[in-house]
Amino acid sequence: MSDAPAEADRRCGFVALIGAPNAGKSTLINALVGSKVAIVTPKVQTTRTLVRGIAMEGPAQLVFIDTPGIFAPRRRLDRAMVTTAWTGAHDADVVAVLIDAKSGLDEDAEALLKKLEEVRQPKVLILNKVDLVDKVKLLGLAQAINTRGKFETTFMISALGGDGVADVRKWLAERVPLGPWHYPEDEVSDAPLRQLAAEITREKLYLKLHQELPYQSTVETETWTERKDGSVRVEQIIYVERESQRKIVLGKSGQSIKAPPSRAAT
Ligand SMILES: Nc1nc2c(ncn2[C@@H]2O[C@H](COP(=O)(O)OP(=O)(O)OP(=O)(O)O)[C@@H](O)[C@H]2O)c(=O)[nH]1
Ligand SMILES: [Mg+2]
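Let me sum up the structure you'll find in this document. Nothing here was measured: the structure is a model prediction, and the numbers come from that model.

**With respect to the overall build of the protein**
Here's step 1: Summing up its helical and strand segments, the protein has 8 helices and 8 strands in all.
Here's step 2: Referenced to the eigenvectors of the C-alpha coordinate spread, the extents of the protein come out at roughly 55 × 50 × 35 Å.
Here's step 3: For the protein, the residues scored as buried account for 44% of the 266 residues in total.
Here's step 4: Of the contacts formed within the protein by residues at least 6 apart in sequence, a portion of 67% connects residues at least 24 apart.
Here's step 5: Roughly 14200 Å² of accessible area belongs to the protein as shown, and the carbon and sulfur atoms make up 52% of that amount.
Here's step 6: Mean positive and mean negative side-chain charge positions of the protein (37 and 35 charges, respectively) differ by 7 Å.

**Overview of the environment of Lys-43**
Here's step 1: Checked against the element boundaries, Lys-43 lands in the loop between helix H1 (25-33) and strand S2 (51-57).
Here's step 2: Classification of Lys-43 by relative accessible area gives buried; the value is 15%.
Here's step 3: When the C-alpha positions of Lys-43 and Val-188 are compared, they lie 25 Å apart, and in sequence the two are 145 residues distant.

**Observations concerning the environment of Gly-58**
Here's step 1: By the element assignment, Gly-58 lies in the loop between S2 and strand S3 (60-66).
Here's step 2: Relative accessible area serves as the criterion here: at 55%, Gly-58 is assigned to the exposed category.
Here's step 3: Sequence separation between Gly-58 and Arg-11 is 47 residues; the distance between their C-alpha atoms is 9.1 Å.

**Comments concerning the pattern of salt bridges**
Two side chains that carry opposite charge are able to pair once their charged atoms sit near each other.
Here's step 1: Counting across every chain of the model gives 13 salt bridges.
Here's step 2: One salt bridge in this structure joins Glu-199 and Arg-202, with 3.1 Å as the shortest N-O distance. Here Glu-199 pairs with Arg-202, and both are found in helix H6 (residues 193-209), just 3 residues apart, close to one helical turn.
Here's step 3: Accessibility expressed as a relative area gives 2% for Arg-202, which makes it buried.

Scoring rules and cut-offs
Along each chain, residues carry numbers from 1 onward, in the same order as the chain's sequence is written. To read the labels, note that chains go from A and ligands from 1, taken in the order they are written. For a predicted model such as this one, the threshold for reporting local features is a pLDDT of at least 70, and the threshold for listing and counting side-chain atom pairs is 80 or more; totals across whole chains, interfaces and linings nevertheless cover every residue. Water and hydrogen atoms play no part in the side-chain values, which are based on all heavy atoms of the structure. In DSSP terms, a helix is any run of H or I states spanning at least four residues, a strand is any run of E spanning at least two, and both are numbered starting from the N terminus. For each residue, the accessible area found with a 1.4 Å probe, counting protein chains only, is set against the maximum for its type, and the residue is called buried under 20%, exposed over 50%, and partly exposed in between. For this analysis, residues touch if any pair of their heavy atoms sits within 4.5 Å. Each accessible area is a Shrake-Rupley estimate made with a 1.4 Å probe; only the visible protein chains count as cover when residues are assessed. Only four residue types enter the charge count, namely Lys and Arg as positive and Asp and Glu as negative; His and the chain termini do not. The atoms used to mark charge sites are NZ of Lys, CZ of Arg, CG of Asp and CD of Glu. In what follows, salt bridge is the name for a side-chain nitrogen of Lys or Arg lying within 4 Å of a carboxyl oxygen of Asp or Glu.

This is the structure we're talking about:
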């Protein structure tokens, strides 16, 4: 490729997206990458582990790290997830702090900003869901948050609609350090396909079963067989905690379980 950036001009950096549960971190990583690398649901605590998504912007490779939502944890699993999220932040070159503009400075956001004081990395503030809030409230919120923490800049975006997402990507591309790319330039995720497939099934289960399904349920891809016609046969196991939950997942005569795979390709 003749227009490939010279090695010396290349940049590469890790950008952690942190925020309260449901702030829109996973929606944003998908928008930044331009491909679905993380699952999204209206439920809190959808993301459980660090999920990487890779985007190219000019001579820069941006490795985004989606993290579990940060909140005051009570149970052990919750604590582990929150710890994981902070690890993602501490390991990044830049930390993007996502605040749901609709919820504003609620308890979760306040606690997050307090704990953020311990993070030494450069920080950028992203107010998300601007489609749900009027401009005056938005400006007030941006001001209030900027008095609580030191942010290099503030973006106001709609991760869902795409407003402002390209500006975020451009700014980050100039902010990350010079250095070689970590991944091939056409790669959008470092997760194996079988893992992505398991996550997609979990997303469909969540969307379908709403409150009935406890988030402790997990999905594992057991076999992945590529067939001659180019299609793939995927066998997965859904783990639940109790017999009653198994019935919910399966549905009446297996009705529920039949639905997710047919939509898993989206
Ligand atoms: N109106 C609106 N909704 C949004 C926007 N961004 C995300 N959402 C919605 O907010 C909900 C949560 O989005 P996620 O991307 O799963 O949020 P998250 O921060 O990754 O959540 P956890 O993984 O649970 O911490 C979903 O229903 C999204 O569609 C936005 O810009 N505008
Ligand atoms: Mg998420």
